[in-house]
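Each chain, written out:
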Amino acid sequence: MKTIVVVMGVSGSGKTTVAGLLAERLGCAFRDGDDLHPRENVEKMKSGTPLTDADRLPWLQAIGRRIDAWRERREAGVVTCSALKRIYRDIIVGDRGDVALVYLKGPQALIHGRLTARTSHFMPVGLLDSQFAALQEPAEDERPLVIDIGPEPARIVSEIVRRLAERSSS
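First things first, this report covers the structure right here in the doc.

Calculation rules
- Residues numbered from 1 in each chain as written.
- Predicted model: local features only at pLDDT ≥ 70, side-chain atom pairs only at ≥ 80, totals over all residues.
- Heavy atoms only, no water.
- Core = buried A, V, L, I, M, F, W, Y, C linked by side-chain atoms within 4.5 Å.
- Buried < 20%, exposed > 50% of the residue type's maximum accessible area, 1.4 Å probe, protein only.
- Contact = heavy atoms within 4.5 Å.
- Helix = DSSP H or I, 4+ residues; strand = E, 2+ residues; numbered from the N terminus.
- Expected span 1.5 Å × (residues − 1).
- Arc of directions from axis to C-beta.
- 1 Å grid on protein atoms, 1.4 Å probe; cavity = no way out; pocket = protein on both sides within 12 Å on 5 of 7 lines; lining within 4 Å.
- Points joined across faces, edges and corners; volume = space filled by probe spheres on them.
- Nonpolar A, V, L, I, M, F, W, Y, C, P; charged D, E, K, R; others polar.
- Pairing = 2+ DSSP bridges.
- Axes fitted to C-alpha atoms, helices over the stretch in contact; angles between N-to-C directions.

### Some points on the nonpolar core
Part 1 of the reasoning: Core analysis: the biggest nonpolar cluster contains 44 residues, and V6 and I92 have the highest contact counts within it.
Part 2 of the reasoning: In this structure, I92 is in contact with V6, L60, I63, G64, I67, C81 and A83, ignoring residues within four places of it in sequence.

And the structure:
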């Protein structure tokens, strides 16, 4: 079975950029979890309203189904998901031992700057505070790869690939 990677973090942490480059580097499928949001969720976020756990459930289940489809076909894949709370990660990663969790971590000021500079995303800067408030950083038992978002994306990807290789050889 091949490794499936969930790249998590708050909006603006670089999930889509890093995950896309990672999938390219690993030669596997990539799926932006944002594309799996129901339309109602996207509209709610566009209006500046944070999603509730109930709003997120169908989205998280869709990501879980994507992961399970790759697993059934014995394919590797990379998917993004903010996965801010442990209960969300329990749905998309849970006891799937072949799924690696990569947490893109960075300071709120840096991420705020990135969000204000971006123009092509539905997530307004005003929701960043609610994301940090909801964030439950992954615990040791979730075996996350915690990655600093400071370096350029290519260096971040190299670090993830190195750490995934270390993990698989141990």
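### Points about helix α7 (residues 153-169)
Along an α-helix, residues three or four apart share an orientation, since each turn contains 3.6 residues.
Part 1 of the reasoning: The end-to-end C-alpha separation of α7 is 24 Å, in line with the 24 Å expected for 17 residues at 1.5 Å each.
Part 2 of the reasoning: Considered for burial, the residues of α7 that qualify are I156, V157, I160 and L164. Looking straight down α7, one finds its buried side chains confined to an arc of 95°; they lie on one side. Those residues of α7 that are exposed and angled more than 90 degrees off the buried face are R155 and S169.
Part 3 of the reasoning: Here the buried face of α7 lies against β1 (4-8), α1 (15-26), β4 (99-105) and β5 (145-148).

### Topic: the layout of surface pockets
Part 1 of the reasoning: Size it by volume and the second largest pocket reaches roughly 280 Å³.
Part 2 of the reasoning: If you list the elements that add at least two residues to the lining of the second largest pocket, you get β4 and α7.
Part 3 of the reasoning: At 5 residues, α7 tops the list of elements feeding residues into the lining of the second largest pocket.
Part 4 of the reasoning: Looking at the lining of the second largest pocket residue by residue, the classes come out as 8 nonpolar, 3 polar and 4 charged.

### A short note on the sheet that holds strand β3 (residues 77-80)
Part 1 of the reasoning: Judged by pairing direction, the sheet is parallel, and its 5 strands sit side by side in the order β2-β3-β1-β4-β5 without closing on themselves. Strand pairing shows two members of the sheet lacking a second neighbour, β2 (29-31) and β5, which therefore form its edges. Taking each pair of neighbouring strands and ignoring which way they run, the sheet shows an average axis angle of 20°.
Part 2 of the reasoning: Set on the sheet, helix α3 (residues 53-72) makes contact with β1, β2, β3 and β4; between it and β3 the angle comes to about 175°.

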